[in-house]
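In case you want the letters, here they are:
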Amino acid sequence: MKKITLLVCFVLCSMIAVFAQDTEKVTGRHGGEFIGNDNRMKFEFVSKGSDLMFYPVAGDGSMLKTVPTNADISVTQQLISETETYSNVEYQNGCFAIHRTSEVAAYIIAIKSTYLGKDFYVKYKVPGVLGK
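Residues numbered from 1 in each chain as written. Predicted model: local features only at pLDDT ≥ 70, side-chain atom pairs only at ≥ 80, totals over all residues. Heavy atoms only, no water.

Moving on, we come to the packing of aromatic side chains. This structure, assessed with the given rule, holds 5 aromatic pairs. Between the aromatic rings of Phe-45 and Phe-54, the centroid separation amounts to 5.4 Å while the plane-to-plane angle is 35°, which identifies the pairing as tilted. Of the two residues, Phe-45 and Phe-54, neither departs from the other in class, the shared state being buried. For the ring pair Tyr-91 and Phe-96, a centre distance of 5.6 Å and an interplane angle of 70° mean the geometry is edge-to-face. Since its relative accessible area comes to 29%, Tyr-91 is described here as partly exposed. Residue class for Phe-96 comes out buried when judged on its relative accessible area of 0%. (Phe/Tyr/Trp six-rings, centres within 6.5 Å; stacked < 30°, edge-to-face > 60°. Buried < 20%, exposed > 50% of the residue type's maximum accessible area, 1.4 Å probe, protein only.)

Have a look at this one:
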């Protein structure tokens, strides 16, 4: 009976450890979340109030040796169908940054850029925001 109880406790503790690891988010150097699924380039997404920043990083999260020079960014707002579009956002201070004028929460963010002759398109649904 003791062996069975210990075995059950061991299995339950193992399951808790596995579930705890699955819910962990990997954050980047700027405290943001990595978005995109390409092996060569992703973006570290950082949101600070009305400011949205996209740091281009290598597929493993490290810094890129060469970076894209501009990007097109669109932001679809929560519960409405309006989309803000920012064209030719220039790479400055290590990222593509936009300052939103709308107070409505961003629901879906899309960023398009060209890196080493290849177009990159990342679409990201902001977690915890209700969409239409």
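In this structure, the largest pocket encloses a volume near 190 Å³. Lining the largest pocket are 16 residues, with Arg-29, His-30, Pro-56, Val-57 and Met-63 sitting closest to its centre. In terms of residue count, the dominant contributor to the lining of the largest pocket is strand β3 (residues 51-58) (3 residues). Split into classes, the residues belonging to the lining of the largest pocket amount to 8 nonpolar, 6 polar and 2 charged. Of the voids in this model, the second largest pocket is the one considered here, and its volume is about 160 Å³. At the level of secondary structure, the elements contributing two or more residues to the lining of the second largest pocket comprise β2 (41-48) and β7 (106-115). For the lining of the second largest pocket, the per-class residue count stands at 8 nonpolar, 4 polar and 2 charged. (1 Å grid on protein atoms, 1.4 Å probe; cavity = no way out; pocket = protein on both sides within 12 Å on 5 of 7 lines; lining within 4 Å. Points joined across faces, edges and corners; volume = space filled by probe spheres on them. Helix = DSSP H or I, 4+ residues; strand = E, 2+ residues; numbered from the N terminus. Nonpolar A, V, L, I, M, F, W, Y, C, P; charged D, E, K, R; others polar.)

Before going further, it helps to spend a moment on the sheet that holds β3. As summarised here, the arrangement of the 8 strands in space is β1-β2-β3-β6-β5-β4-β7-β8, forming an open sheet in which the pairing is antiparallel. If you trace the sheet from one side to the other, it starts and ends with β1 (33-35) and β8 (118-125), each paired once. With direction set aside, neighbouring strand axes in the sheet form an average angle of 25°. (Pairing = 2+ DSSP bridges. Axes fitted to C-alpha atoms, helices over the stretch in contact; angles between N-to-C directions.)

Phi at Asn-88 is positive, roughly 50°, even though this residue is not glycine. You can see Asn-88 is positioned in strand β5 (residues 83-92). Despite not being glycine, Asn-93 has its phi angle at roughly 55°, a positive value. Inspection of the secondary structure puts Asn-93 in the loop between β5 and β6 (95-99).

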